[in-house]
Number of protein chains: 2
Amino acid sequence: MDFVNIAKNAKESSLKIAGLDVDIKNKALNALANALEEHKSEIFAANKADLENALPFVEEGEISKSTFNRLKLDENKMRDMVQGVRDITNLEDPIGKILLKRELDKDLILEKVSCPIGVLGIIFEARPDVISQISSLAIKSSNAVILKGGKESVNTNKKIMEIIHNALSDVEKFPDNVIQQVFSHDDISQMLKCDEYINLIIPRGGNKLVKYIKENTNIPVLGHASGICHIFVDKSAYIDDAIKITVDAKTQYPSACNAVETLLIHKDFDKKDELLAALQLEEIKLEMEPESWDIEYGDKILSVKIVDNTEKAIEHINTYGSGHTDCIITNDLANAEKFMNEVDSAGVYLNASTRFADGFRYGFGAEVGISTNKTHARGPVGLEGLTIYKYKLYGKGQIVDDYAKGIKKFNHRDL
Amino acid sequence: MDFVNIAKNAKESSLKIAGLDVDIKNKALNALANALEEHKSEIFAANKADLENALPFVEEGEISKSTFNRLKLDENKMRDMVQGVRDITNLEDPIGKILLKRELDKDLILEKVSCPIGVLGIIFEARPDVISQISSLAIKSSNAVILKGGKESVNTNKKIMEIIHNALSDVEKFPDNVIQQVFSHDDISQMLKCDEYINLIIPRGGNKLVKYIKENTNIPVLGHASGICHIFVDKSAYIDDAIKITVDAKTQYPSACNAVETLLIHKDFDKKDELLAALQLEEIKLEMEPESWDIEYGDKILSVKIVDNTEKAIEHINTYGSGHTDCIITNDLANAEKFMNEVDSAGVYLNASTRFADGFRYGFGAEVGISTNKTHARGPVGLEGLTIYKYKLYGKGQIVDDYAKGIKKFNHRDL
């Protein structure tokens, strides 16, 4: 089927799932979790084929070791995938929430009600576990979804999709085509052009992929192209906090987007040498004169800069940062507030590791991704980020002319 | 100055105004209102020059009568402009609101706080009153703004801008370059490309302008390209409601985006002929076989279609509508709920005129415009639509590794 028809089907399906009872959505999620569990040996077999196909490219260096690891599904990842679906089942329905209820006048009641966005386009790289995660989030938030995965995991993706498709078609009253997948590279450019049917694109992958997508579509994109996170060690910082937090933010998972890339140190912080020595002891390579100040190392490497004061630290971050997550380590609360108000990032932290920037750690239960957007949703995005709202107005024959002429007056009373 | 420098200045300015005390913002708004009042004769003189320049084009038919009327400022419009600024002064500060406060663990407190978007790009046609309205909304919401007006109102725009500039530069602690204006046509294409510095584009104008903008930028756009609003008269509708509401929705202000364009009538509504006769009595021209079902007449013309049932009405609206505002007239509450849940529009109304779709009527106090977007903000958009949020995390040395290893546990307790 050509892409436009797939997108049309998704649109149609999105209108059907929009008002679906949460019990049916949860039945679908349960069916999905059970099916993944039941058919896991088939998934492992498909995944084995992908791994075998990838192996020569890893040896040739065309596929990185970390991509290969992300591609690989094992019993642990499979358990997490299934548990992830079950966790979403237990979350509150994000649809149909009354966000505002206001009497505009007698018998003229306005309600602002949460509803789904419509059709999501998901473009992801070699992480087949994204399929079940995003599919479950889409189902729970009543959105239809079109997934396009990386070519490295095509066998795994097809198998998971087949299992999801079979599981969902057995669920009574659950509409067709809520979850669809496309496979050809050409589908990406078609998806990016398809603003008639697709309402939001969520890229899950590296810097290059996300940048390419952001530059090549008029459809809103939710995500982040890069994570250049900073820690600023103020002159009043406790040395223990400075060491502990910087080590955690750099080494706990160096390739994460919320890992720290640049350490700014106040010129009058008197334990500077002790801090740098401690970082080197943890095998962190320090770059005192990096090629540029916006490198995302994704590795145990850290750019270091000495700054004159808090203002200069803020200025540096607002110039070179990516608006992801930035931290100040200080005992001076005024400096902390200044930093947190003036740094223009999704997350601004006081005395805590940047690695906390995560939907699960924030208590959202599930995460679509982390957004550095300045509209719609920012920071770790949970189910709420997949919703918008509509206004319902309940009248009894009211017309605007009566208010324009002053015959009637609004009272605007919140209920 | 070239556009990129203007945009850079706006970005810098946006960082300064982001944390500005609401008292200073209100002082700026007061200064702005007073200055407009004081210098109104200069504004009228500039406006007169624009009108004189436009007149020949009106005679030649190149500028429409309604554009000419929108261009014209009189005492009434001037009073509304000034009052509009004062009204915004009285609105609550939308910045710094705590939207969520959660203990992630002991001494680890997460706050979700509203903050400005950053830099707004406003492209508007021949309505010079937009300048003071958008400038005030930007100031109150701590955003910087770059305005590009239509060439027809260039003298008026320049004069208003000069007055605003002088008024704001006298306000102590108010940053420079919060409000800037550009004048050349080339600035539009530059603005649309400037995603490095501009965070949101708001077009205020006709269908063609908005479509052009949406298709030519990667920056998020807030607005609506068209308003194809529908009224569906169900078989159980009261004839009086049907007449009154349709007449209001079509004639109270025919060129408004929330005016009705298409009337759908249930085939078994037995007062069909009475309804159509009543509409014709009000000089509404009925199109029983329109050229297409997505015409925005902006005039006292109405497409009419007989439909089999509520499902068909919903299907028609979701196919041909623009997702703006659609109404059902019925006494059948089940049909009403079905219609309001399944019609995918910003406003879904029961027994009330589509003309109520408006920020002032909803009680928002001021309006940026009406959005048919499915992300960020939908329907009439007030100050809240010019905000986003950031996450502040207050810790005391916490690191993620302790939670990953199970040494510590999150409690996720809302405060």
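Residues numbered from 1 in each chain as written. Chains lettered and ligands numbered in written order. Predicted model: local features only at pLDDT ≥ 70, side-chain atom pairs only at ≥ 80, totals over all residues.

## A word on the overall build of chain A
Now for step 1: Secondary structure summary: chain A contains 14 helices and 16 strands in total.
Now for step 2: Each of the three principal axes of chain A carries a C-alpha extent, and together these read 75 × 70 × 35 Å.
Now for step 3: For chain A, the residues scored as buried account for 51% of the 415 residues in total.
Now for step 4: Partitioning the intrachain contacts of chain A with sequence separation of at least 6 by distance along the chain shows that 73% fall at a separation of at least 24. (Helix = DSSP H or I, 4+ residues; strand = E, 2+ residues; numbered from the N terminus. Buried ≥ 20, exposed ≤ 12 C-beta atoms within 10 Å, placed from the backbone. Contact = placed C-beta atoms within 7 Å.)

## So, the interface of chain A and chain B
Now for step 1: Counting residues at the interface gives 60 residues for chain A and 61 residues for chain B.
Now for step 2: Of all the elements in the fold, those that place two or more residues in the side of chain A that touches chain B are strand 1 (98-105), strand 2 (108-116), helix 9 (207-215), helix 10 (239-251), helix 13 (333-342), strand 12 (347-352), strand 15 (387-398) and helix 14 (400-404) of chain A.
Now for step 3: At 11 residues, the largest contribution of residues to the side of chain A that touches chain B is made by strand 15 of chain A.
Now for step 4: Two elements, strand 15 of chain A and strand 12 (residues 347-352) of chain B, share 5 bridges in a ladder whose sense is parallel. (Pairing = 2+ DSSP bridges.)

## What to know about the nonpolar core
Now for step 1: Ranked by internal contacts, the top residues of the largest apolar core, which has 118 residues, are A7, L32, A138, V145, I146, I231 and V233 of chain A.
Now for step 2: Apart from the residues within four sequence positions on either side, I231 of chain A is in contact with I245, T246, A249, V260, L263, C327, I329 and T354 of chain A.
Now for step 3: Counting residues in each nonpolar core, the second largest holds 117 residues, with L110 of chain A together with C194, I219 and I370 of chain B among its members. (Core = buried A, V, L, I, M, F, W, Y, C linked by C-beta atoms within 7 Å.)

## Examining the packing of helix 10 of chain A against helix 11 (residues 272-281) of chain A
Residues and elements named next belong to chain A.
Now for step 1: Running from N to C, helix 10 and helix 11 point in directions that differ by 30°, and their axes come no closer than 10 Å. When the axes of helix 10 and helix 11 are compared, the pair comes out roughly parallel. As helix 10 packs across helix 11, the resulting crossing turns out to be right-handed. On the side of helix 10, the interface is formed by I239, A242, I243, T246 and V247, while helix 11 contributes E274, L275, A278 and L279.
Now for step 2: Among the residues forming the contact of helix 10 with helix 11, the class breakdown is 7 nonpolar, 1 polar and 1 charged. (Axes fitted to C-alpha atoms, helices over the stretch in contact; angles between N-to-C directions. Parallel < 35°, antiparallel > 145°, perpendicular 65-115°, else oblique. Left-handed = near helix turned anticlockwise from the far one by under 90°. Nonpolar A, V, L, I, M, F, W, Y, C, P; charged D, E, K, R; others polar.)

## Structural notes on the relation of the copies chain A and chain B
Both copies of the chain are related by a screw-like operation: a rotation about an axis and a shift along it.
Now for step 1: Mapping chain A onto chain B calls for a rotation angle of 180° and an axial translation of 0.0 Å; the resulting RMSD is 0.0 Å. Within this description, the copies of the chain are treated as partners about a two-fold rotation axis. Judged by C-alpha distance, H376 of chain A is the residue of chain A that lies nearest the rotation axis, at 1.8 Å.
Now for step 2: The residues that chain A uses at the interface reappear at the interface of chain B in 100% of cases, marking a shared surface. (Least-squares fit on C-alpha atoms with pLDDT ≥ 70 in both.)

## Focus: the sheet that holds strand 15 (residues 387-398) of chain B
Now for step 1: Within the open sheet, the 10 strands sit side by side as 9(A)-10(A)-8(A)-7(A)-11(A)-12(A)-15(B)-2(B)-1(B)-16(B). Their pairing is mixed. The sheet terminates laterally at strand 9 (285-287) of chain A together with strand 16 (413-414) of chain B, the two strands that pair on one side only.
Now for step 2: Note: strand 11 (residues 325-329) of chain A against strand 12 of chain A, 4 bridges, orientation parallel. The partner of T325 of chain A across the bridge, within strand 12 of chain A, is G347 of chain A.
Now for step 3: Its contacts with the sheet put helix 11 of chain A on strand 7 (229-233), strand 8 (260-266), strand 9 and strand 10 (301-307) of chain A, and the angle it makes with strand 9 of chain A is roughly 130°.
Now for step 4: Packed on one face of the sheet, helix 13 of chain A meets strand 7, strand 11 and strand 12 of chain A together with strand 15 of chain B and runs near 155° to strand 12 of chain A.

## Here we look at the domain arrangement of chain A
All names here are of chain A.
Now for step 1: Per the domain assignment, the segments of chain A are domain 1 (3-222 + 368-390) and domain 2 (229-356).
Now for step 2: For domain 1 versus domain 2, the distance between C-alpha centres works out to 34 Å.
Now for step 3: With 7 residues of domain 1 at the contact, the number on the domain 2 side is 8 residues.
Now for step 4: Across the side of domain 1 that touches domain 2, the residue classes break down as 1 nonpolar, 5 polar and 1 charged. (Domains from an automatic or database assignment.)

## Let's talk about the sheet that holds strand 3 (residues 119-124) of chain B
All names here are of chain B.
Now for step 1: Taken in spatial order, the 4 strands line up as 5-4-3-6 in an open sheet, and their pairing is parallel. The open sheet terminates on both sides in strands that have one partner only, identified here as strand 5 (179-182) and strand 6 (200-204). Here the average twist between neighbouring strands, direction ignored, is 20°.
Now for step 2: Both strand 3 and strand 4 (residues 144-148) contribute to a ladder of 5 bridges, which runs parallel.

## Remarks on unusual backbone geometry
Now for step 1: Phi at H376 of chain A takes a positive value of approximately 70°, unusual for a residue other than glycine.
Now for step 2: Counting through the fold element by element, H376 of chain A comes out in the loop between strand 13 (369-371) and strand 14 (379-381).
Now for step 3: Positive phi values are uncommon outside glycine, yet D107 of chain B reaches one of about 60°.
Now for step 4: With respect to the helices, strands and loops of the structure, D107 of chain B is situated in the loop between strand 1 (98-105) and strand 2 (108-116).
Now for step 5: Given 13 C-beta atoms within a 10 Å radius, D107 of chain B is considered partly exposed.

## Quick notes on the confidence of the model for chain A
Now for step 1: With 100% of its residues at a pLDDT of 70 or more, chain A has an overall mean of 95.
Now for step 2: Model confidence for the complex: the whole-complex pTM is 0.95, and ipTM, which rates the interface, is 0.95. (pLDDT = per-residue confidence, 0-100.)

## Notes on helix 2 (residues 22-38) of chain B
Residues and elements named next belong to chain B.
Now for step 1: Here helix 2 spans 24 Å end to end across 17 residues, near enough to the 24 Å set by a 1.5 Å rise per residue.
Now for step 2: Where helix 2 is concerned, the buried positions are K25, A28, L29, L32, A33, A35 and L36. Buried residues of helix 2 fall within an arc of 165° about the axis and therefore sit on the same side. Among the exposed residues of helix 2, those oriented more than 90 degrees off its buried face are D23 and E38.
Now for step 3: Check the buried side of helix 2 and you find it contacts helix 3 (40-59), helix 5 (75-90), helix 6 (129-140) and helix 7 (154-169). (Expected span 1.5 Å × (residues − 1). Arc of directions from axis to C-beta.)

## Remarks on the pairing of strand 2 of chain B
Each regular strand shows side chains that alternate between the opposite faces of the sheet.
Residue and element names in this part refer to chain B.
Now for step 1: Summarising the sheet, strand 1 and strand 2 pair through 6 bridges and their orientation is antiparallel. Note that in strand 2 the partner of R102 across the bridge is L110.
Now for step 2: Turn length for the strand 1-strand 2 hairpin, with the two strands adjacent in sequence and antiparallel, is 2 residues, and the turn residue D107 shows positive phi of about 60°.
Now for step 3: As judged from the 8 bridges shared by strand 2 and strand 15, these two strands associate in the antiparallel manner. Residue pairing across strands places I109 opposite Y394, the latter belonging to strand 15.

## Digging into the pairing of strand 6 of chain B
Residue and element names in this part refer to chain B.
Now for step 1: By the criterion of burial, strand 6 is predominantly enclosed, with 5 of the 5 residues buried.
Now for step 2: Burial of the side chains of strand 6 extends over both faces: L200, I202 and R204 are buried on one face and I201 and P203 on the other.
Now for step 3: As paired elements, strand 3 and strand 6 share 5 bridges and run parallel to each other. The residue of strand 6 that forms the bridge with F124 is R204.

## Here we look at helix 1 (residues 3-17) of chain B
Now for step 1: In a regular helix each residue adds 1.5 Å, so 15 residues correspond to 21 Å; helix 1 of chain B covers 21 Å between its end C-alpha atoms and thus fits that length.
Now for step 2: Listing the buried residues of helix 1 of chain B in full gives F3, I6, A7, A10, K11, S13, S14 and I17 of chain B.

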